[in-house]
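Analysis of the macromolecular model
What follows is each chain in one-letter form.
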Amino acid sequence: MFPEVASQSPLLQNLNDEQLAAVTLPNEHALILAGAGSGKTRVLTTRIAWLLSTGQVSPGGVMAVTFTNKASKEMMTRLQAMLPVNVRGMWIGTFHGLCNRFLRAHWKLANLPQGFQILDTQDQLSAIKRVMKQFNVDEERFPAKETQWFIAGCKEDGLRPNVVETRSDDDRRKVEIYQLYEDQCNREGVVDFGELMLRSYELLRDNDPIREHYQRRFRHILIDEFQDTNKLQYAWIKMLSGLANDGQMHEAGSVFAVGDDDQSIYAFRGARVGNMADFVSEFRVRHQIKLEQNYRSHSNILDSANELISHNKKRLGKNLRTDQGPGEPVRVYEAPTDLAEAQWMVEEMRHLVRGEGAEPGVPRHEIAVLYRSNAQSRVIETALFNAAVPYRVYGGLRFFERAEIKHALAYLRLLENRNDDTSFLRVVNFPPRGIGARSIEQVVDAARVAGCSLHDAVSATTGKAGANLTAFVARIDAMREQTVNLSLREIIEIMLQESGLIAHYKSERDGADRIENLEELVNAAESFVTQEGFGRDVVAMPVDELSPGMLRQSPASQGLDPSQPEVNEPAPDYVPPDAETGETLSPLAAFLTHAALESGDNQAQAGQDAIQLMTVHAAKGLEFDCVFVSGLEEGLFPSERSMTEIEGLEEERRLMYVAITRARKRLYLSYSQTRLLHGQTRYNVRTRWFDELPEGALKWLTPKNQNFGGSAFGYGSGYPSTRSNGFSSGFASRETFASPQVPAQKTEPSHGLKAKMKVFHTKFGEGTVISLEGQGADARAQVNFPRHGIKWLALSVAKLTPVT
DNA sequence: ACTTCGGGAGTTTTT
DNA sequence: CTCCCGAAGT
């Protein structure tokens, strides 16, 4: 479209053909299939910069959506580096962050209180428990966790209680709880994460002027990680982009969706890969570009990934290539025990860090250990700890999720909103002030009768046992008055003292860390306030401020064609109904919102050069020079629960694909014959993924056992024996293995069952063995019966006869 | 009000 | 086995 621009602009230099084509696509819907390590973020940011600097759109006309705060920050940073533009003022953010911003601007129309606060997952669970207790729901039959999952699932599908389909009494009861929970949230003026999305969607859907305004305004909507969008997010995008439910196109912007179906690993939380195909057909996408050039890994690693993922049936189709040479082979290691596997990894790491011969050492933070489930980190940590190797585990509690921080935030929320019963209950007796379950029950009852908040119920009742409660409420109210017009920092400092939190932790044995964290909260607030634009990301922004004018540099100064096309956007003075321009949230409310939307770092001891430990899920989007993928065993990876469905198995394969593609130079794959799980030793077979990798790219550090895992016998004898696999004798010795661990004595299985075997049970009929565990009297088999589902059967009890 | 005991569960996770 | 929650005991 602008060939002369393409050749001139410094922005577009060093892009490959595919990337350049994607960046300079015309203003129409497009799908970019971006493989791992193909420069996806670069394409997204350059696309925005190019649109802006060629004058095709002004900053106010761009919306860029990501899933994580990290990704949106990255995008802003890189965009800022390319162009002199006020990125904070642009609509770049997470789905939830942008929905929040939208709802802050239109809180009245959205039927929300101005300072509505956001419930995180913990808060949501306790709110649900509260509802269920109040309405005497049997927690045995309806576990709170499941109810929470149900409600979140409904919202992800865009369903309100009145439209959820019910088939059983249990369904109806669940929907009833959903409705009661909604009522409670509305009464208390809080929204959960799903609600942020759903409310925004509904407001766009139901309010024509608002919808039309934003449709006209956002000329370009860019979506990152499109394969992770759920049903509601897809509908939201459709609404904003003018493709309304009637199938009609309205005057609106175009959607630039970037994703990779091969890296879709979040189906369990509502992500629909199908959105990619739907997008192509519903939006009549004419521009599809594949980014297949990989800049990350050597070809042995890439070939392995390609070969593995080619076993998936449902794909849009993509094959990564690299200009880098084959590099090192992918190293495969079999260990006798999980501990031995961990010790081998640690030893290998020490070699890597030290460096060998002319090779310089690898920095520790360039080495990652990936595993399927968090439980697997323990044994690896033990080995690292014993060897005194510094390491860092990802995925613990994040800063704003720590108990002491949640307590402090609860006090702050009560200052902001006295109706926040979740916060009230969290701190009414913390620090302990003699308010027991009995007293709390009374207030809860009183509040229900009066239909008011707990706070108000206390002031309304003059009970005998209520002296402590009255004192508590008085203290909160006094704090609220005392902190009027004070700075955020002062408010928090006063709260920390007056609440008694500091005093309480001072008297506690190991309260020092907690006090430190509380002090860190003050710092977090301070830097939030001094941030440029003062929490712009969470505050409603006057709408007229968003119109042309944020990009003042002339396009010519960017070396671009000055004869830019007309920018077609709403007039700068247009203000959509209800956007109370100039009206801002209090610093406190803004900070609380920030805390809910961005739960902070979850990496302990940042800064130190340490080995990185994380789940494969957590590793998505990251890359390392050296990667260990551990615990590659049937039942673990793929996980037991995924193995019964093809869909589940394909997602596990994608997960493995993600794991492999994290590595730049060196990849290790390892597994163990035995593993301590749930307190007992399990005998595992190596994962089926090994049969889907190109043998030529692999190097077996331990001999590959031909007796097991081969296709002839299917998977999982369940009991590979030490003697038959030649482990103890034919041990490849280059790998430093301080003391080869001999596995515990094992007896041969007597039942003669194998996975995939067809068996007959007198009661359940014919079924297929999925897996086996334990031995002797404890031996159990997991069997899938077509009529009765999956059962665990103790072999000493159940009579299973092999069917030939 | 605080401690201790027992039962049950134990993929993956961001907002 | 180990962690967490809820309930009973002191």
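In this text the structure is predicted, and so the values were computed from the model without any measurement.

**Concerning the overall build of chain A**
Scanning chain A from N- to C-terminus turns up 26 helices and 21 strands. For chain A, the computed accessible surface area is about 34,500 Å², with 50% contributed by carbon and sulfur atoms.

**Points about the protein's contact with DNA strand B**
Around DNA strand B, the surrounding shell holds 25 residues, and the nearest of these are Thr121, Arg372, Asn374, Gly436 and Thr615. Separating a sugar or linking oxygen of DNA strand B from a side-chain N or O atom of Arg641 is a distance of 3.4 Å.

**Here we look at the side chain of Asn230**
Topologically, Asn230 is positioned in the loop between strand E6 (220-223) and helix H11 (231-240). A distance of 2.8 Å separates a polar side-chain atom of Asn230 from the backbone nitrogen of Gln233. Ignoring anything within four residues of it in the chain, the contact list for Asn230 reads Glu156, Gly270, Ala271, Arg272 and Asn275.

**Some remarks on the packing of helix H21 (residues 488-498) against helix H24 (residues 587-597)**
It is the contact of H21 with H24, at a shortest axis distance of 9 Å, that shows an interaxial angle of 75°. Classified by the interaxial angle, the pair formed by H21 and H24 is roughly perpendicular. Seen from H21, the contacting residues are Leu488, Ile491 and Ile492; seen from H24, they are Pro587, Leu588 and Phe591.

**Some thoughts on helix H3 (residues 40-53)**
The end-to-end C-alpha distance of H3, which contains 14 residues, comes to 20 Å, matching closely the 20 Å that a straight helix rising 1.5 Å per residue would cover. Positioned one or two residues after H3, Gly55 has a phi angle of 70°, which is positive.

**Side note on the protein's contact with DNA strand C**
All residues adjacent to DNA strand C are Lys129, Arg378, His678 and Gly679. Of everything in DNA strand C that lies within 4 Å of the protein, sugar and phosphate atoms constitute 36%. Here Lys129 contributes a side-chain N or O atom positioned 3.4 Å from a phosphate oxygen of DNA strand C. Between DNA strand C and Arg378, the relevant distance is 3.0 Å, taken from a phosphate oxygen to a side-chain nitrogen or oxygen of the residue. Of the residues in the surface near DNA strand C, the class split is no nonpolar, two polar and two charged.

**Considerations on the pattern of salt bridges**
Per the stated rule, a full pass over the model turns up 53 salt bridges. Between Asp224 and Lys40 there is a salt bridge whose closest N-O contact spans 3.2 Å. Placement of Asp224 in the loop between E6 and H11 and of Lys40 in helix H3 is noted, with a sequence separation of 184 residues between them. Of the charged contacts in the structure, one is a salt bridge between Arg160 and Glu202, with a shortest N-O distance of 2.9 Å. With Arg160 in the loop between helix H7 (144-156) and helix H8 (169-188) and Glu202 in helix H9 (residues 193-206), the pair connects residues that are 42 residues apart, well separated along the chain. Across the pair, Glu202 and Arg160 agree in class, each one buried. Three or more residues joined by partner-sharing salt bridges are found here, namely Lys155, Arg160, Glu182, Asp192, Glu195, Arg199 and Glu202.

**Notes on unusual backbone geometry**
With an omega dihedral of -5°, the bond running from Phe430 to Pro431 counts as a cis peptide bond. In this fold, Pro431 is placed in the loop between helix H17 (421-427) and helix H18 (437-450). Of note, the phi angle at Asn111 is positive, near 65°, even though the residue is not glycine. Position of Asn111 among the secondary structure elements: in the loop between helix H5 (95-105) and strand E4 (117-119). Overall, Asn111 belongs to the exposed group, its relative accessible area being 66%.

**Considerations on the confidence of the model for chain A**
Model confidence for chain A is summarised by a mean pLDDT of 83, while 79% of its residues fall at 70 or above. Looking over chain A, one finds the lowest element-wise mean pLDDT in helix H1 (residues 3-8), namely 52, and the highest in strand E13 (residues 624-629), namely 98. Below pLDDT 50 for its whole length, residues 540-566 participates in 59 contacts with residues either more than four positions away or in separate chains. Segment residues 707-749 is flagged for pLDDT under 50; beyond a separation of four residues in sequence, or across chains, it makes 83 contacts in the model.

**Quick notes on the side chain of Arg664**
Along the chain, the position of Arg664 falls in strand E14 (residues 663-677). Within polar-contact distance, the side chain of Arg664 engages the side chain of Glu366 at 2.6 Å. The contact partners of Arg664, leaving out residues within four places of it in the chain, are Arg296, Ser297, His298, Ile301, Glu366, Glu623, Phe624 and Asp625.

**What to know about the pairing of strand E2 (residues 62-66)**
For E2, the tally of buried residues reaches five of five residues, placing the bulk of the element in the interior. Where E2 meets E6, four bridges bridge the pair, whose relative direction is parallel. Bridged to Ala64 within E6 is Leu222. Two elements, E2 and strand E3 (residues 91-94), share four bridges in a ladder whose sense is parallel. When the sheet's bridge partners are listed, Ala64 is paired in E3 with Ile92. Each parallel crossover has a hand, and for E2 linked through helix H4 (residues 69-82) to E3 it is right-handed.

**Things to note about the sheet that holds strand E7 (residues 254-259)**
Read from one edge of the open sheet, six strands run E3-E2-E6-E7-E1-E8, paired in parallel fashion. Edge positions in the sheet fall to E3 and strand E8 (287-291), since each of these pairs with one other strand and no more. Put simply, the sheet's adjacent strands are angled 15° from each other on average, direction ignored. Strands in contact with H4 are E2 and E3; relative to E3, the strand with the most contacts, it is inclined by about 150°.

**Concerning the packing of aromatic side chains**
The full count for this structure, using the stated rule, is 24 aromatic pairs. Geometrically, the ring pair formed by Phe400 and Phe591 is edge-to-face, given 6.3 Å between the ring centres and 75° between the ring planes. Taken together, the positions of Phe400 in the loop between strand E11 (391-393) and helix H16 (403-416) and Phe591 in helix H24 put the pair 191 residues apart, joining distant regions of the chain. Just as Phe400 is buried, Phe591 falls in that class too. Centroid distance Phe430 to Tyr505: 6.1 Å. Interplanar angle 50°. Geometry classified as tilted. One end of the pair, Phe430, is in the loop between H17 and H18; the other, Tyr505, is in helix H22 (residues 501-507), and 75 residues separate them in sequence. For Tyr505, a relative accessible area of 3% gives the class buried. Ring-pair connections join several aromatic residues into one group, and the members of that group are Trp91, Phe102, Tyr214 and Phe218. The ring of Trp91 carries Arg101 above its face, with NZ or CZ at 5.0 Å from the centroid. When the ring centre of Phe116 is taken as origin, the NZ or CZ atom of Arg104, which lies over that ring, is 3.7 Å away.

**Side note on H9**
Here H9 is 14 residues long and its end C-alpha atoms lie 20 Å apart, about the 20 Å a rise of 1.5 Å per residue gives. Buried residues dominate H9, accounting for ten of its 14 residues.

**Description of the nonpolar core**
Judged by nonpolar contacts, the single largest core of 49 residues is most densely connected at Phe472, Ile492 and Phe591. Per-element tally for this core: the top contributor is H16, with eight residues.

**What to know about the environment of Gly466**
By the secondary structure assignment, Gly466 is in the loop between helix H19 (454-460) and helix H20 (467-482). The spatial distance from the C-alpha of Gly466 to the C-alpha of Ile440 is 9.4 Å, given a sequence separation of 26 residues.

Conventions used here
- Residues numbered from 1 in each chain as written.
- Chains lettered and ligands numbered in written order.
- Predicted model: local features only at pLDDT ≥ 70, side-chain atom pairs only at ≥ 80, totals over all residues.
- Heavy atoms only, no water.
- Helix = DSSP H or I, 4+ residues; strand = E, 2+ residues; numbered from the N terminus.
- Areas by Shrake-Rupley, 256 points an atom, 1.4 Å probe, with all protein chains shown as cover.
- Near = heavy atom within 4 Å.
- Polar contact = N/O pair within 3.5 Å; in protein donor to acceptor, adjacent residues only side chain to side chain.
- Contact = heavy atoms within 4.5 Å.
- Axes fitted to C-alpha atoms, helices over the stretch in contact; angles between N-to-C directions.
- Parallel < 35°, antiparallel > 145°, perpendicular 65-115°, else oblique.
- Expected span 1.5 Å × (residues − 1).
- Nonpolar A, V, L, I, M, F, W, Y, C, P; charged D, E, K, R; others polar.
- Salt bridge = Lys/Arg side-chain N within 4 Å of Asp/Glu carboxyl O.
- Buried < 20%, exposed > 50% of the residue type's maximum accessible area, 1.4 Å probe, protein only.
- pLDDT = per-residue confidence, 0-100.
- Pairing = 2+ DSSP bridges.
- Right-handed = clockwise from strand over helix to strand, strands pointing away.
- Phe/Tyr/Trp six-rings, centres within 6.5 Å; stacked < 30°, edge-to-face > 60°.
- Lys NZ or Arg CZ within 6 Å of the ring centre and 35° of its normal.
- Core = buried A, V, L, I, M, F, W, Y, C linked by side-chain atoms within 4.5 Å.

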